[in-house]
Amino acid sequence: MVRGFRRSLRGCALGAAVVTSVLGFAHAADARVNVTDMIATTVRPDAPCALNNRPASWTQSGANADVCLALAFKSATAGEFGNSLGLGDDVRNLRVSLPPGQVGSPRAVPMCDTATFRRKGCPSTHQVGTVRAAAETAVGVIGENVLQGDIYLITPTGTEAARLGVQLEAAGIPAIRLEAEMRLRPEDNGVDTIVKDSPRGFAGIPIELRRMAMRLWGSDTNHAHFTRPFLSSPTDCSRPATYRVELTSYAGDTTVAERSPYTPTDCGTLKMPIGAKVTTDNRADVPTEVVADVTEDDDATAGRGNAHVRNARLVLPAGFEISASSGSKGLEGCTDEQFGLGLGKAATCPEASRIGTVQFRSPLLLVDELEGPVYIATPKPGSPKLRFFATAQAGPQDDAMRVKIAARAEIDPVTGQLATVLEDLPPTPFTRFRFIFRGGPQAMLSTPRKCGTYTASIVAEGFPGAPGASAQSDTTIDQGCNDPEPFTPELTTELATNQAGADTSIVATLGRPDGSARLAGAKVTLPPGLAGRLDSVTPCPVDVARAGGCGPESRVGSVTSVAGPGPEPLSLPGGVYLTTPIDGAPAGMAVIADAKVGPLDFGRIVVLAKVDVGTDASIAMTFLDVPQRMQGIPLNLRGLRLALDRPGFIFNASNCAPLQLSATLTSDTGLSSNLTAPYQVTGCDKLAFGPKLTAAIEGNRAALSPGGNPKLRVQLASDAGSANVRAAAITMPAGISVDITKLSTVCPLADYEKGTCAPASQIGTVSARTPLLNDPLTGVVRFVSVPGVPLPQLGIQIRGRISLDLTGKVAVDAQSRLVTTLDPVPDTPISSLVMTLGGVGTPLVVGKDLCASASNPVLAKFTSWAGSTVSSTTQLQSSGCTPTATLKVTSLRRGRPGLDLRVASGQAPVNRVELGLPSGLTYASARSVRARVRVSATNAEKKKATVTISGSKLRVTFPKGVKATTVRVRIAGGAVRVSPRLRRSSSPRLRFTVGTRMASGKTKSLRVAVRPG
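Residues numbered from 1 in each chain as written. Predicted model: local features only at pLDDT ≥ 70, side-chain atom pairs only at ≥ 80, totals over all residues. Heavy atoms only, no water.

**Points about the sheet that holds strand β65 (residues 933-937)**
Item 1. Strand order in the open sheet formed by four strands is β61-β62-β68-β65, and the pairing between neighbours is antiparallel. Both edges of this open sheet fall to β61 (884-890) and β65, since each of them pairs with a single strand only. On average, each strand axis in the sheet is tilted by 10° relative to the strand beside it, whichever way the strands run.
Item 2. Pairing analysis gives seven bridges linking β61 to strand β62 (residues 898-904), with the strands arranged antiparallel. Bridged to T884 within β62 is A904. (Pairing = 2+ DSSP bridges. Helix = DSSP H or I, 4+ residues; strand = E, 2+ residues; numbered from the N terminus. Axes fitted to C-alpha atoms, helices over the stretch in contact; angles between N-to-C directions.)

And the structure:
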């Protein structure tokens, strides 16, 4: 920034427009006018300035030295003073380029009106130098002692920095008046003095210029009309002061001459009296305009200029930071091509890239100050991320005097403190350089969060050999102080649909008021029943998520992060992704947003969250380590709008009671806040509800007899899309009870809650399937003793990627039946829940022969979260109650035996019975047999069985769906034939084969021995 101002000053440096002695010349190949000799240097006031009396250079840096410029010209067709007047070429345009740091003050004398100068010349109060010349005219040579004059400071007529008026007079000819423009060189902001269209004659008299010597006065000591020194020398002692002269003739030929007559000396004794002042809004934690002034004392009486600033580092107070809100209204960047650093044309940066204003004051300026916009630069490879462009000019014209500077910013990655760095600035003095970061809602900077006094500093370096300097400025923040900062965040939610059990999307918005403590962490817990199908999404690996690289296959929603202070914060869009498990949780979540502030891309903001499922099936998302900065830029996170909106991922609860979504937010100052938002669905009455229960008892025949310890298997199944089960009361058949003598293996409630139950307390296992996960959940079932409750209770702990805890209350009803009530069951869809209880050594005991009972009903009553109820009855199935068979045989000796077969299936219903005859008995024809067979069975009274004969076997098959518990097959005489030998036997023992096929598909073969009656 300082650089640009210095360039501006340089551009205004009038004085040394005519300087430089030349050692060699670069001539155009066909040049017809050449510079044959040249002096351009700084001299003491009493030193000569002539080609024939060469002065010694005054090399002191910053000296208010006079500048001497002397030139000799020669035409290719004439000698220095030949007789070819009118035939030789002559100088038309002359450009003298001063070395960087050779500056002058147009305020040293009052400016003479240009029109007055052109008409009659100017009075001596406007004079800044003298001139001598030699020329050839038609009447002869006019020498330097004859052709003399003065140099005046006259008013500029256009957009140049200044203008010199040169007046030559000689006896017998009219006064010759030339004007020289003073303009800035865009490439280095040095000063060029330009004389255009030098006349070849005056008042009709041809004249050709042969020699010229100009002297510009530097010091005000010998010139009473000076109000301050007019010129000062460069202050860079590391390189020669180089002057350049470019001459163009009327024939169009160009000659260039350069020389470096001296290198400045004595830089170590220079002064650099700088100061600093920073002015801001005095309110805490708000977007602010920041006015940074860098001043330099202009002591016009010192006899010497100040050291020029080469490098400067302006450090704003800690706490003044880049505001994310600056990018909320489409902040754009200005490219290097649009700005055109080093080019004289106006910048074409977009207005949306403007972030402030630059102002520059200098004793070298004719105008009060140069002013213009400050732009944020578009980042480019190999350059610092944050750069500024500034251009200051004297007016709106395209060719107005202007200076351009570029600066880079350094941001402390920990504190965010901002430093503006300018390097290799042009050597120009100034009285004030002002850099204004714009204010308003989109201000580039914000004030500190706490009140107090804050210190800015500037460290300036001179050119090699010259001293540096530093200065500080305090600014006070004393309004809007919050100590401690409040933390009063807010929580709101939105549902796409509130239909119970339906797929939906949910939007949770977390926010905090401006000026409060920053959000550092959050835990958001969804109400029970509002859940997500975790395994319906391909999770993003955590290491990929940390790098912000998750793909659309893992996306479950969107996020809008709101960052920055003030009424118009920045919105940063992004996505929400499901990840692989984090910190042992069943799943994880990544919130990823692009951290872009206008043209600045600070990468991706990644906030990871572990996703836990509570024992009540509620989903909790705990966001870990919410970042406070990105590459030093404070996020100042004001809010998060999380939308879980992937189709088919989130579905509503089936509970229409008022519920709450809860959140616990923490601040960067250690405060926390508990928030809730209402959640309620409707339309529960529209949900289907029809859970199915099956029960089976397992064990051998002894286990199913009184005193046995069988295994009981209970399975609950629900259809997708139906209401979730809230409570289930299951009543076992009479004869299944708890053996109180074995309650020593029961786990005490205190141990159960601590998870320290003895292994012997386990009485079973449990497995469950849920559409939330692909893999089943498994766990254990324990008997838990609860103080004051006579019977042990069931403790059901389901574990896996998610954990569910169920409690079964065990009681005995009036019919001495064991009743187990699960209440509540979490409001989550469970497609299948299977419990296997009991076994050898457990308290589950049989009190009667279960196989002897034809019916062992299991009663169930279910209540849904939607409020509906349904009751069902199912038979207790048994694989241990093997079928039994009895057979009576009559009239064997008569040759027409009758058979009466009875089969009892126990708890394993049958759908087919076979009767195989022993040796000596055969079936008659199939037709005869079918006519004489009568079949009856329980549960098949209205179903006609099919009777078939195959060799020595009779088969009775029941229609599909029949599950007979008892079957009777009576075969009348005449259907079975008896061999003669068997008829003669006095006491035969017959061995029949009885085969059964159970409804489960299993078959059983029995041998029945009979002595005919």
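**Some words on the state of the cysteines**
In protein chemistry, a disulfide is the covalent bond that joins the sulfur atoms of two cysteines.
Item 1. For the structure on display, the rule yields eight disulfides.
Item 2. The disulfide bridge from C334 ends at C349, spanning 1.9 Å between sulfur atoms. With the S-S bond torsion at -50°, the cross-link from C334 to C349 turns out left-handed. In this pair, C334 is assigned in the loop between β20 (321-322) and α3 (336-339) and C349 in the loop between α3 and β21 (354-361), connecting sequence segments 15 residues apart.
Item 3. When its relative accessible area of 11% is taken as the criterion, C349 is described as buried.
Item 4. A disulfide bridge connects C747 with C757, and the sulfur atoms are separated by 2.0 Å. Across the S-S bond linking C747 and C757, the dihedral sits near -80°, which makes this disulfide left-handed. Residue C747 is found in strand β50 (residues 747-748), and its partner C757 is found in the loop between α5 (749-754) and β51 (762-769); the two are separated by ten residues along the sequence. (Disulfide = S-S within 2.5 Å. Buried < 20%, exposed > 50% of the residue type's maximum accessible area, 1.4 Å probe, protein only.)

**Some words on the pairing of strand β36 (residues 570-579)**
Item 1. Along β36, eight of the ten residues are buried, which leaves the element largely enclosed by surrounding structure.
Item 2. Taken together, the eight bridges between strand β35 (residues 555-563) and β36 define a ladder with antiparallel strand orientation. From the neighbouring strand, R555 faces β36, where its bridge partner is Y577.
Item 3. Connecting β35 to the antiparallel partner β36 that follows it, the hairpin turn spans six residues, and G564 within it adopts a positive phi of roughly 105°.
Item 4. In this structure, β36 lies alongside strand β37 (residues 587-597), joined through six bridges in antiparallel fashion. Looking at β37, one finds that G574 is bridged to A593.

**Some details on the environment of A727**
Item 1. By the element assignment, A727 lies in strand β48 (residues 725-731).
Item 2. In this structure the C-alpha to C-alpha distance between A727 and T428, which are 299 residues apart in sequence, comes to 87 Å.
Item 3. Dropping the residues within four chain positions of it, A727 is found in contact with L822, D823, K861, F862 and T863. (Contact = heavy atoms within 4.5 Å.)

**Observations regarding the pattern of salt bridges**
Item 1. For the structure on display, the rule yields 41 salt bridges.
Item 2. Where E179 meets R118, a salt bridge forms, and the shortest distance between an N and an O atom there is 2.5 Å. Note that E179 is positioned in strand β9 (residues 173-184) and R118 in helix α2 (residues 114-120), a separation of 61 residues in sequence.
Item 3. Judged by its relative accessible area of 18%, E179 falls in the buried class.
Item 4. Note on R118: relative accessible area 48%, which makes it partly exposed.
Item 5. Across the pair R434 and D293 runs a salt bridge whose closest N-O atoms are separated by 2.6 Å. Of this pair, R434 sits in strand β26 (residues 432-437) while D293 sits in strand β18 (residues 290-296), and the two are 141 residues apart along the sequence.
Item 6. Counted as one network, the salt bridges with shared partners bring together R118, E160, R163, E179, E181, R183 and K196. (Salt bridge = Lys/Arg side-chain N within 4 Å of Asp/Glu carboxyl O.)

**A word on the pairing of strand β25 (residues 418-422)**
Item 1. Where burial is concerned, most of β25 is hidden: five out of the five residues are buried.
Item 2. Side chains L418, T420 and L422 of β25 all project onto a buried face; the interleaved residues A419 and V421 project onto the opposite face, where all are buried too.
Item 3. Across four bridges, strand β24 (residues 402-411) lies against β25 in antiparallel orientation. Of the residues in β25, the one forming a bridge with E410 is A419.
Item 4. The antiparallel hairpin formed by β24 and β25 contains six residues in its connecting segment, where G416 sits at a positive phi of about 80°.

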